[in-house]
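Per-entry structural report
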Amino acid sequence: MSQTIQVDIKDRVATIRLNRPEVFNSFNREMALAVQKELKNLATHPEVRAIVLTGSGRAFCAGQDLKEVTDPSLNPGFKAILEEHYNPIIQLIRETPKPVLAAVNGVAAGAGANIALACDIVVASEQAAFIQAFSKIGLIPDSAGTFFLPRLIGFQKASALAMLGDKVDAQEAERLGMIYKYYPTKDFEDEVNKLAVKLGDMPTKALALTKEALNHALVNNLDEQLALESQFQIEAASSQDYTEGVSAFVQKRKPEFKGK
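In this report, the structure presented in the accompanying data block is examined. Numbering of residues begins from 1 in every chain and follows the order in which that chain's sequence is written. Local features in a predicted model are, by the rule used here, given only for residues with pLDDT of at least 70; side-chain atom pairs are given and counted only at 80 or more, and totals for whole chains, interfaces and linings are based on all residues. Working from all heavy atoms in the structure, the side-chain values ignore hydrogens and water.

**Observations concerning the pairing of strand β5 (residues 100–104)**
Classification of residues uses two cut-offs on accessible area relative to the type maximum, computed with a 1.4 Å probe and protein chains only: under 20% is buried, over 50% is exposed, and between them is partly exposed. The way it works is that DSSP assigns letters per residue, a run of H or I at least four long becomes a helix, a run of E at least two long becomes a strand, and they are numbered from the N terminus. The buried fraction of β5 is high, at five of five residues. Residues Val100, Ala102 and Val104 line one face of β5 and the alternating positions Leu101 and Ala103 line the opposite face, and both faces are buried. We call two strands paired when DSSP finds no fewer than two bridges between them. Two elements, strand β3 (residues 50–55) and β5, share three bridges in a ladder whose sense is parallel. By the bridge assignment, Ile51 is partnered in β5 with Val100. Where β5 meets strand β7 (residues 121–125), four bridges bridge the pair, whose relative direction is parallel. Within β7, the position partnered with Ala103 by the bridge is Val123.

**Considerations on the packing of helix α9 (residues 204–217) against helix α10 (residues 222–237)**
Lines fitted to the C-alpha atoms define the axes, with helices restricted to the stretch that makes contact. Angles between their N-to-C directions range from 0 to 180 degrees. Interaxial distance between α9 and α10 falls to 10 Å at its minimum, and their mutual angle equals 170°. As the angle between them shows, α9 and α10 are arranged roughly antiparallel. Touching Lys205, Leu209, Glu212, Ala213, His216 and Ala217 of α9 are Gln225, Leu228, Phe232, Glu235 and Ala236, all from α10. Residue polarity follows a fixed list, in which Ala, Val, Leu, Ile, Met, Phe, Trp, Tyr, Cys and Pro are nonpolar, Asp, Glu, Lys and Arg are charged, and the others, Gly among them, are polar. Its residues assigned to classes, the contact of α9 with α10 comprises six nonpolar, two polar and three charged. Angular relationships are summarised with four words: roughly parallel below 35 degrees, roughly antiparallel beyond 145, roughly perpendicular across 65 to 115, and oblique for the angles in between. Throughout, a contact is declared for two residues whenever any of their heavy atoms are within 4.5 Å.

**Regarding the sheet that holds strand β4 (residues 59–61)**
Strand order across the open sheet formed by four strands is β4-β6-β8-β9, with mixed pairing between neighbours. If you trace the sheet from one side to the other, it starts and ends with β4 and β9 (167–169), each paired once. Sheet twist, expressed as the average angle between the axes of neighbouring strands with direction ignored, equals 20°.

**Quick look at the nonpolar core**
One recurring pattern in soluble globular proteins: nonpolar side chains tend to sit buried together. Counting residues in hydrophobic clusters, the biggest one holds 49 residues, and the most contacted among them are Phe27, Val104, Phe130 and Met178. Setting aside its immediate chain neighbours within four residues, Phe27 contacts Leu18, Arg20, Ala32, Val35, Cys61, Gly63, Gln64, Asp65, Glu68, Tyr86, Ile89 and Ile115. In this text, buried Ala, Val, Leu, Ile, Met, Phe, Trp, Tyr and Cys residues form a nonpolar core when linked through side-chain atoms within 4.5 Å. By size, the runner-up hydrophobic cluster in this structure holds twelve residues, among which are Val52, Leu195, Ala196 and Leu199.

**A short note on the side chain of Gln132**
Within the secondary structure, Gln132 is located in the loop between β8 (129–131) and α5 (145–153). Polar contact is the term for a pair of N or O atoms within 3.5 Å; when the atoms are in protein, one must be able to donate a hydrogen and the other to accept it, and sequence-neighboring residues count only if both atoms are side-chain atoms. There is a polar contact of 2.7 Å between the side chain of Gln132 and the side chain of Asn114. Gln132 has contacts with Ala113, Asn114, Leu117, Pro141, Leu149, Leu161, Ala162 and Gly165, leaving out every residue within four places of it along the chain.

**Let's talk about helix α6 (residues 155–164)**
All buried positions along α6 are accounted for by Ala158, Leu161 and Ala162. Down the axis, α6 shows its buried residues gathered within 95° of arc, on one side only. For α6, the exposed residues lying more than 90 degrees away from the buried face are Gln156, Met163 and Leu164. On its buried face, α6 sits against α5 and β9. Trailing α6 by a residue or two, Gly165 shows a phi angle of about 70°, which is positive. In this context, the arc is that of the directions from the helix axis out to the C-beta atoms.

Structure representation (structure tokens):
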């Protein structure tokens, strides 16, 4: 495995930790390809029912490593960076049938911010901050920033953040609806672990169908979405987890979902 990331599996949860703390976990080609490889592996891993994406050290991810794009011997070019690095990561996050939890432990800037916002649930430490840093160096938001950000917080606010590059702290990010919750720094790891384990204990099939339905809702009209909900609900109702969930409810006990 590449040393640019660390992967740990425990309690049915896989944690992918970006591991270039000396450069605030900024992406180079090696790390981007390593993240893709692990997302693909974990999507079908039989012991994994939830995925956490977080960072080592003080930062979540500072975006693109500018050393890579300013060194002619390292620079793969923007076409490759987008089409081979970031776009596949976003697509894998959205396509994996397992919930992906972004645990933003520090600054999330540029592509780092937008990779976090593409995840199913985003939580942050109170010391975290989100920055659409692209305009500061003459670029536009990528990594689906122009897709997810306006859907999360509205067109006007997203436009301002994208153009002005303002820093948004964790408390403001929660208030805007950019993230699910923020936690005090001292409690952050425990809260992330509790939330991830909870996701891992839930009915995996239903969560996968929910995720797919939400993906379609970004582009479907009402009639298309109602038809899709009917299709997916029928599929969910045929799962073992549905049978277990109903039985547990009737018997007034905690359900033991198997993810099938």
